[in-house]
Amino acid sequence: MPRPYYTLCVYDYESQAWFDEFGSYRLSEVKEELQGQVYDGLFRADLKIIQSDGSAPDMIAKRDALPAPKR
(Lines give C-alpha, C1' and ligand atoms only; values in the text may rest on other atoms or scores of the structure.)
Protein backbone atom coordinates (compact mmCIF):
# COMPACT_ATOMS: atom_id res chain seq x y z
CA MET A 1 0.00 0.00 0.00
CA PRO A 2 1.41 3.42 -0.92
CA ARG A 3 2.38 5.82 1.81
CA PRO A 4 -0.24 8.60 2.25
CA TYR A 5 0.75 12.06 1.04
CA TYR A 6 -0.96 15.16 2.45
CA THR A 7 -1.46 18.41 0.57
CA LEU A 8 -2.66 21.79 1.79
CA CYS A 9 -4.99 23.25 -0.85
CA VAL A 10 -5.96 26.91 -1.06
CA TYR A 11 -9.01 28.20 -2.92
CA ASP A 12 -8.42 31.14 -5.27
CA TYR A 13 -11.61 33.15 -5.79
CA GLU A 14 -10.25 35.00 -8.82
CA SER A 15 -9.70 31.83 -10.84
CA GLN A 16 -12.43 29.91 -8.95
CA ALA A 17 -10.16 26.90 -8.44
CA TRP A 18 -8.21 25.05 -5.77
CA PHE A 19 -4.40 25.12 -5.87
CA ASP A 20 -1.93 22.89 -4.05
CA GLU A 21 0.12 25.06 -1.71
CA PHE A 22 2.21 22.68 0.40
CA GLY A 23 2.63 18.92 0.69
CA SER A 24 4.34 16.34 2.89
CA TYR A 25 4.22 12.69 3.85
CA ARG A 26 3.77 13.91 7.43
CA LEU A 27 0.31 15.24 8.29
CA SER A 28 1.76 17.14 11.24
CA GLU A 29 3.95 19.21 8.87
CA VAL A 30 0.96 20.12 6.70
CA LYS A 31 -1.06 21.09 9.79
CA GLU A 32 1.84 23.25 10.98
CA GLU A 33 1.96 24.95 7.59
CA LEU A 34 -1.78 25.56 7.76
CA GLN A 35 -1.55 27.11 11.23
CA GLY A 36 1.75 28.92 10.74
CA GLN A 37 1.01 30.72 7.50
CA VAL A 38 -0.88 33.94 7.12
CA TYR A 39 -3.38 33.71 4.29
CA ASP A 40 -4.61 37.29 3.88
CA GLY A 41 -8.32 37.58 3.24
CA LEU A 42 -8.94 33.84 3.46
CA PHE A 43 -11.24 32.00 5.80
CA ARG A 44 -10.64 28.53 7.22
CA ALA A 45 -13.12 27.21 4.60
CA ASP A 46 -10.70 28.43 1.89
CA LEU A 47 -8.04 25.94 3.12
CA LYS A 48 -8.31 22.16 2.92
CA ILE A 49 -5.95 19.27 3.57
CA ILE A 50 -6.34 16.31 1.25
CA GLN A 51 -4.77 12.85 1.35
CA SER A 52 -3.52 11.09 -1.77
CA ASP A 53 -1.37 8.11 -2.67
CA GLY A 54 1.59 10.37 -3.46
CA SER A 55 1.12 10.43 -7.21
CA ALA A 56 0.40 13.68 -9.05
CA PRO A 57 -2.68 12.30 -10.88
CA ASP A 58 -4.31 11.16 -7.61
CA MET A 59 -3.55 14.48 -5.86
CA ILE A 60 -4.88 16.50 -8.80
CA ALA A 61 -8.06 14.43 -9.02
CA LYS A 62 -8.75 14.83 -5.29
CA ARG A 63 -7.90 18.54 -5.32
CA ASP A 64 -10.13 19.20 -8.31
CA ALA A 65 -12.98 17.25 -6.68
CA LEU A 66 -13.09 19.65 -3.72
CA PRO A 67 -16.25 21.76 -3.73
CA ALA A 68 -15.96 25.53 -3.82
CA PRO A 69 -16.11 26.99 -0.29
CA LYS A 70 -19.30 28.62 0.91
CA ARG A 71 -18.96 32.05 2.45
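Residues numbered from 1 in each chain as written. Predicted model: local features only at pLDDT ≥ 70, side-chain atom pairs only at ≥ 80, totals over all residues. Heavy atoms only, no water.

1. Description of the environment of Q35
Argument step 1. Mapping Q35 onto the fold places it in helix α1 (residues 27-36).
Argument step 2. Sequence-wise, Q35 and A17 are 18 residues apart; in three dimensions their C-alpha atoms are separated by 21 Å. (Helix = DSSP H or I, 4+ residues; strand = E, 2+ residues; numbered from the N terminus.)

2. Some details on the packing of aromatic side chains
Argument step 1. Within this structure, the stated rule accounts for three aromatic pairs.
Argument step 2. Between Y11 and Y13 the ring centres are 4.9 Å apart and the planes differ by 80°, which places this aromatic pair in the edge-to-face class.
Argument step 3. The exposure class assigned to Y11 is buried, which follows from its relative accessible area of 7%.
Argument step 4. Note on Y11 and W18: the rings are 5.2 Å apart at their centroids and 65° apart in plane angle, and the pair reads as edge-to-face. W18 shares its class with Y11; the two are buried.
Argument step 5. Chaining the aromatic ring pairs together yields one cluster made of Y11, Y13 and W18. (Phe/Tyr/Trp six-rings, centres within 6.5 Å; stacked < 30°, edge-to-face > 60°. Buried < 20%, exposed > 50% of the residue type's maximum accessible area, 1.4 Å probe, protein only.)

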